[in-house]
Amino acid sequence: MAQKENDMLAGLEHLLDEFYNPSTTNERKRNIEQQLNEFSLQRDSWKLCINFLKHSTNPFVSMYTLYQLENVISRQWNLLDASEQHYLKQSVNEFTFALNSTMPNFIRNKVAKVSVEIAKHTWPKYYMEHYSVIMQLLHNEHAQLLGLILLRTTSEEILCPSSHVSSNYKEALMTFCTEHIPQIFQILTEILDSLIHKKRHYATATPPPSPTHPTQAPVLAQQISAASFRPDSKEIGREALAILQHLFSWVDLVIVPHYALYTIFKFTNTSSYAQADDDMCFLAMTVINELLYRKCAPPATHQLFMELYQHTALLLRDISLPTLKVEAMGAAFVDKLCEMLSLLVGQHLWRLEMQASFTAVEFLGNLFALTFQLPTIEGYLRCLTVWTTFIKQIKPQNAHKYSQPLVALVMTVLAKMQFTNNAAQLEKINDTDPNEDNETDWQIYQNACIEIIALVAEFAPMDTFDQVLAPWRTANDVYATLRTMDVTHGTLKLVPSESQRLHCILKDLATLTQTLARLSSNFMDQGAEYYKTSIPTIQGLLAKLIESAALSSAVGFYHLKTCDSRLASDFTEVHCQLLAALKTWCTWYKWNTSNKLKDLNPLLLLVLPHVRAPQAVPAKVTLSAAHFLFSITSAIHPPELMQIPDALGLIQVASTLPYPKNQSRDVVLCALATVLLKPWGELCTSDAQARNNLIQSLFEAISHDYRQINEYCGDARSCLDITEQCLPCFVNIMDYCKEYPVISKKYLYVALKPTIDHTVDVFSGFSKYPMVVELQLQFFIKVLEVLQQQMSIAAIRKAVDVFLAAAVREQQQNQFGGLDMLLKILQLVIESPGSAYKNFMEGIFELCMKNIYPALIQQANEYPDAIIALINLLHSVLLNRWNCFYVSQIRLGNSPGCSDVEPAADSPQQLEQVIQVLEVFGRCLLQSDINIFRVSLGALENLNVKWKLYHKALFKEQMLGQFLNVLLQTMLDRTHHLLNEDIMHAFYNMAAVSFSQFFDRFLTQYIDNLDRLTGHQRNTLRNNFSHSTDMPTFVLNLQRFVDDARCFIMCNSSLPPGSVVF
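Given the structure is predicted, the values throughout are model-derived calculations rather than measurements.

Participant: Looking at this model, I keep getting lost on the overall build of the chain. Mind explaining?
Facilitator: Helix and strand content of the chain: 46 helices and two strands. On the principal axes, the C-alpha backbone points of the chain span a range of 105 × 85 × 70 Å. A buried classification covers 53% of the 1062 residues belonging to the chain. Within the chain, residue pairs in contact and separated by at least 24 positions form 76% of the contacts whose partners lie at least 6 positions apart. On the chain, roughly 47400 Å² of surface is accessible, and the fraction owed to carbon and sulfur atoms is 52%. Averaging the locations of the 84 positively and 102 negatively charged side chains of the chain gives two centres separated by 2 Å.

Participant: Quick question: what am I supposed to make of the packing of aromatic side chains here?
Facilitator: For any pair of aromatic rings, the description consists of the separation of the ring centres together with the inter-plane angle of the planes. Per the stated rule, a full pass over the model turns up 46 aromatic pairs. The residue whose ring lies beneath K416 is Y380, and the NZ or CZ to ring-centre distance is 5.0 Å.

Participant: What's the story with helix α24 (residues 566-584) in this structure? I'm lost.
Facilitator: Residue pairs three or four apart in sequence face the same way in an α-helix, which turns once every 3.6 residues. End to end, α24 covers 27 Å across 19 residues, agreeing with the expected 27 Å (1.5 Å per residue, within 8%). Taken together, the buried positions of α24 are occupied by L567, D570, F571, T572, V574, H575, C576, Q577, L578, L579, A581 and L582.

Participant: Explain the pattern of salt bridges to me, please; I cannot follow it from the model alone.
Facilitator: Once the charged atoms of two side chains with opposite charge are near each other, the side chains can pair. Within the structure shown, the criterion is met by 28 salt bridges. K113 is paired through a salt bridge with E70; the nearest N and O atoms lie 2.5 Å apart. Residue K113 is located in helix α6 (residues 105-121), and its partner E70 is located in helix α4 (residues 59-76); the two are separated by 43 residues in the primary sequence. Given the relative accessible area of 16%, K113 is considered buried. Between E117 and K113 there is a salt bridge, and its shortest N-O distance comes to 3.3 Å. One end of the pair, E117, and the other, K113, are both in helix α6, four residues apart, so they sit about a helical turn from each other. The exposure class assigned to E117 is buried, which follows from its relative accessible area of 1%. Members of the salt-bridge network, linked through shared partners, are E70, K110, K113, E117 and E157.

Participant: I tried to follow helix α15 (residues 331-354) on my own but got confused; where do I start?
Facilitator: Here α15 is 24 residues long and its end C-alpha atoms lie 33 Å apart, about the 34 Å a rise of 1.5 Å per residue gives. For α15, the principal kink sits at H348 and spans about 70°. Of all 24 residues in α15, 17 are buried; the element is thus mostly enclosed.

Participant: Quick question: what am I supposed to make of the state of the cysteines here?
Facilitator: A covalent bond bridging the sulfur atoms of two cysteines is what the word disulfide describes. Counted according to the given criterion, the structure contains zero disulfides. Considering cysteine sulfurs only, C924 is the nearest to C848, which forms no disulfide, with 12 Å between them. According to the relative accessible area criterion, C848 is buried, its value standing at 1%.

Participant: I would appreciate a short explanation of the side chain of Q446 in the present structure.
Facilitator: On the secondary structure map, Q446 appears in helix α20 (residues 441-457). Looking at Q446, the relative accessible area reads 7%, which means it is buried. A polar contact is formed between the side chain of Q446 and the side chain of T511, at a distance of 2.8 Å. Ignoring anything within four residues of it in the chain, the contact list for Q446 reads T511 and Q514.

Participant: I would appreciate a short explanation of unusual backbone geometry in the present structure.
Facilitator: For residues other than glycine, phi is negative in most cases, and the peptide bonds are mostly trans. Although it is not a glycine, K948 adopts a positive phi angle of roughly 55°. For K948, the position within the fold is in the loop between α40 (930-947) and α41 (953-958). Of note, R974 is a non-glycine position whose phi angle comes to about 55°, a positive value. Residue position: R974 is located in the loop between α42 (960-973) and α43 (980-991).

Participant: Teacher, can you tell me more about the packing of helix α12 (residues 258-266) against helix α14 (residues 302-319) here?
Facilitator: When two helices pack together, their arrangement is given by the angle between the helix axes and by the axis-to-axis distance. At a minimum axis distance of 10 Å, the contact between α12 and α14 shows a crossing angle of 15°. One element, α12, and the other, α14, form an angle in the roughly parallel class. Helix-helix and strand crossings are classified by hand; for α12 and α14 the assignment is right-handed. Two secondary-structure elements touch here, α12 through H258, L261, Y262 and F265 and α14 through Q303, L304, E307, L308, H311, T312 and L315.

Participant: Honestly, the environment of D81 in this entry has me stumped. Any pointers?
Facilitator: Take D81: it is sitting in the loop between α4 and α5 (82-97). Residue classification places D81 among the partly exposed residues on the basis of a relative accessible area of 38%. Of the polar contacts made by the side chain of D81, one reaches the backbone nitrogen of E84; its length is 2.8 Å.

Participant: Sorry if this is basic, but what is going on with the packing of α5 against α6 here?
Facilitator: Interhelical geometry of α5 versus α6 gives an angle of 150° and a closest axis separation of 10 Å. Between α5 and α6, the angle falls in the class roughly antiparallel. In the crossing of α5 with α6, the sense of the turn from one axis to the other is left-handed. On α6, the residues that touch L88, K89, V92, N93, F95 and T96 of α5 are I107, V111, V114, S115 and I118.

Conventions adopted
- Residues numbered from 1 in each chain as written.
- Predicted model: local features only at pLDDT ≥ 70, side-chain atom pairs only at ≥ 80, totals over all residues.
- Heavy atoms only, no water.
- Helix = DSSP H or I, 4+ residues; strand = E, 2+ residues; numbered from the N terminus.
- Buried < 20%, exposed > 50% of the residue type's maximum accessible area, 1.4 Å probe, protein only.
- Contact = heavy atoms within 4.5 Å.
- Areas by Shrake-Rupley, 256 points an atom, 1.4 Å probe, with all protein chains shown as cover.
- Lys, Arg positive; Asp, Glu negative; His and termini not counted.
- Charge placed at Lys NZ, Arg CZ, Asp CG, Glu CD.
- Phe/Tyr/Trp six-rings, centres within 6.5 Å; stacked < 30°, edge-to-face > 60°.
- Lys NZ or Arg CZ within 6 Å of the ring centre and 35° of its normal.
- Expected span 1.5 Å × (residues − 1).
- Salt bridge = Lys/Arg side-chain N within 4 Å of Asp/Glu carboxyl O.
- Bend = angle between axes of the 7 residues up to and from the residue.
- Disulfide = S-S within 2.5 Å.
- Polar contact = N/O pair within 3.5 Å; in protein donor to acceptor, adjacent residues only side chain to side chain.
- Axes fitted to C-alpha atoms, helices over the stretch in contact; angles between N-to-C directions.
- Parallel < 35°, antiparallel > 145°, perpendicular 65-115°, else oblique.
- Left-handed = near helix turned anticlockwise from the far one by under 90°.

This is a description of form; function is not addressed.
And the structure:
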C-alpha cells in the first residue's frame, strides 16, 4: 500500500481500538462513530476497505471493513462498473478461501455474508457459479465447514432477503433455491452420516431398515453406542444441523426427505451424553422442533409426521430404559424434548389417533416413566406441560382409551405433591421468595400438579374426586385430633419427630384442600349425570370442612408456641385454604339446602369474628375470610341477612376496623355495600327507610375522613392515606354494581353524591398533590362509566367546568401528567346517551384544538398517554356525534338504500372543525411513537367503517392524497414496520375510493417525485404495480412496490470519493 493508505490504516486501527476500549467515554465514541460513518459514505471508500482487509490483522478493522463492503454491495452494486464489480468480487473470494481454523467465528460468518451478498446481486450471471462453489466445498472433506457456512448464509439471506434487493431478484432466488433443495438435503444427510464411524459389521451393502417400521429397526441406542464423533467433526455437525434447522423453517414440507429425519434422530439419542456431546443432541432436537413449529401441514405431509412420531416413540422408549441414567440428561435437552412432545401431541394427536398402529398406552407409559424418573423439579414440571397439552387434545369420545394411564397419572401426581410421601424433594422447593407474578416456586409447583388433576377430572370427575378425597380425609382426621393435644400456657408440646410429621400433614392438608376446591367447578352442572349421586359425598366433605374451619377459628393454632417455627405458617395456610374451599363450594351449598338462612348461618359464624376483629388473626386469614364473606352475601337474600344481628353490627363498624391491608377492608366493605344495593324485592315503607339509612350510614362512614380534607390540609402523606382509604373502595363498589338495575344505581348515586360533590369542589386545590389527583380522576372516571345517567345535567356541567379549567391550567404550566385521565372524563361525557353532550361540545372542542393540541403535539413522544387520550376523545366526538358535523340523508329528505335516485351530495356542517380533527390524526401519523400511530390509524379506519369517511367529498378532495402519501412514506421508511399489515389495509381502503385516480394520478405523481431514481427505475416501479383492484393482489403489489423503491433508493445513495480521511 502507499504511505498515505498505511497512515489511514494506522489511524483506523487506532480509532477502532479506542472505540472498543472500556475507558472511552460515550461522547468520544459518538465522535468516532461520526468519523467512521462519514468515511463509509464516500463512493470509493470500499477500495480502501479492501486494502485494509488484506493488510490488517486487527479483528476490529476486519469487521469494520467487511461491514462497509457489505453495505456497498447491498446498496451500490448497480452503480459500480463491470471492472469494479469484478475487483470487489475477486477480492472477497480471495479472502473467503484464505480463511483458516484460527479465524474468529464472527469474522468467518461476516465473510460468508459478504460473499452471499455478491452472489445475490449477480443473479443470474454468477449465482450458479456461487452455488457450484458451495457444492464443491461440501464434497471436499477439508473444506466442508466453509461450504456449510456459505450454504447456511445463503439459505438465511434468501429466506429473509433485505430491503436492498428488488422483488424480482427475491422471487428468482427463491425459485432457484427451491429447485435445488433435494440435492442439498441429500448432501447434508451424507455429511451427518459420515460423522458417525460405524463398526465393521454395520458396514454392509444392505441398506438400513426403513424407519417407517420401528419394530424392525435396531435400537438407536445400540447404533450410537458403537459410534464416536471425530474430534474435529463437532463443528461440522453443528453447522449441518443449523442449516437443516433453517431449511425446515421455510421449505415446503412435502419435499422434506424421510431419510433426513432418520439421520437427525441418530443425534438425539441420549447415549451420546456419555461422549460429552450433549450440545449435538440439543441441536438435533432443535432441528426436529423446527418442523413442528410449522402450523400449516398439508395432507401430503401425513406420512412425514407419522414417521416423526415413530422416531419420537423410539427415542422416548430408549430414554426410559432402566440401563440409561436419566439424571445425566441436561436441563436444556429435557426442555427441548418436552417441547417436542408438546408440539407433537398438541398439533398431530388427531393424525396419530387415525392410525390403527398408534399404541397410545405404550407411548403414554414411556412418557409416564420419563416424567417420574427425572430427578429435578424443573424437569418434572416440563413433563407436566406435555401431559397438559395431551389431555387438552383428548376428545370426549376418545377419553375411554386413555382412562388407565390418566388414573395412574393422578395417583402418582398426588403422591409426588404430598410431603408425607416426598418430603425430601419438596422441602428443597423455595416457598418464601415470590417472583414478579407474586408466586413462590412452591406455589408454581403446587398449581401445576393441581391443574393436571383438574384436567383429568373433566373426563372422570367422580373417580378423580375420590382419589383426592381419600388422602384429604386422612390428613383432616389428624388435624381434628389436635383439639386434644397437650397445650400448656399457649405452647403446643411436641417432640421433634412429631413436629416434622405434623408439618408434613399440615402442608398436605392445605394442598389437598386447595385441590378439592379446584375440583368444585366439575360439580356445578346440575344436569350432569353424576350430580345427584355425588351429593352425599360432597355434603360429607362440606361438613368436615366446616368442622375443621370452626376448629381453626376456635383454637387459633397459629398463635401457639411450638418448637418448629414452620408450624405457625402451616396452621395459617390450612385455615386460609379451608375458608377458600368453603368459598368455592358456597354456590353448591346454596343449591342443596332447604333453609338457606339457617344452613348458611354456620358459615357466617366462621367469618364474622375474623372480619370484626382483624387484628386477632393473621392478615392472610382475614383476607380469606373477607372473600368468603363476599360469597356468602351473594348467596343470601339481603332482607334475610339483615335479620342476623352480627351482620347488622358489622355494617355499623366495618369502616372503622383496623384491617392490616386495604385489600381486606375493600373486600369487606364491597360485600356489605353490594348486599345493601342489590334488589331487595318489594319492601314496606319502614323496611325501605331502614335500608336507606343503612346505605347512607355505611357510605358516610367510609367517606367521613375524606370529606373533611381540603386544599389547606398541609400534610401530603395524610391526604394521600385518607384518599386511599376511601376512593379506591368506592371504585371497587361501582365496578361490581355496574350491571345492577337502575333502582340500585340510584341508591348508589345518592349515597356517593356527597363524595362526588366534595371531589369536584376540592379538585382544583389538590393540584399540588399529584397522587391524590390521580385517585380523584380514577374515581370520577368510574362515576361517569357507571352512574352518568343518574347524574343531573347541572352536576355534570359543574364537574366538566372544573376539569376543563384543570386541563387548561396543566397546558399553561406545560404539565401533562394527569391530562390523559382528564381527557378520558371528557370522552365519557361525549359518549353518554341523550342530548346532554350538546352543552359541553363547544367547550371541549375549543379546549382540545386551541389549548391542548398545539402544546401537546410538540411533546407527543414525551407524553404518549396524553396524546393517545386526545386522539380517542376526538375520535369519539366524530364517531358518536357525527350528526353535529354532517346532516344525514334522511334529514335531507332522502331514503338511501330504498331509492333508485342517487343520494344527494354531502351536507357538512362546521366543516372547519372536521378538517381540524383530521389534521390532528394526520399529524399523529407522523409521530415516531408506534402506539400514537396505531391509535390514530385505527381511529381513521373506524370512522370509515361507520361513516364512510374516505368517501366524503371533504376527505376525498382535500386530504386523501396527503394521507396516502404519509402512509406510503411510512412503509418506505419502515418507521412502524410492526404495523405494516394495518397500514396496507388502510392504504387499500383509501385507494379504493377511486382506483382510477389512484393509478392515473397519485401513483404517477408519487413515483415522479421520488428522489435519486433513474428513469429506468421509475418505469420499473410503474410497470410492476399492476392495476388489479382486489385486496390480496393490490396488497401484494403494494409490498413489491415498497421493497423495490427502497432497494433503488438505497442503491443510489452515496457521497463523492475523497471526502473523508482518518
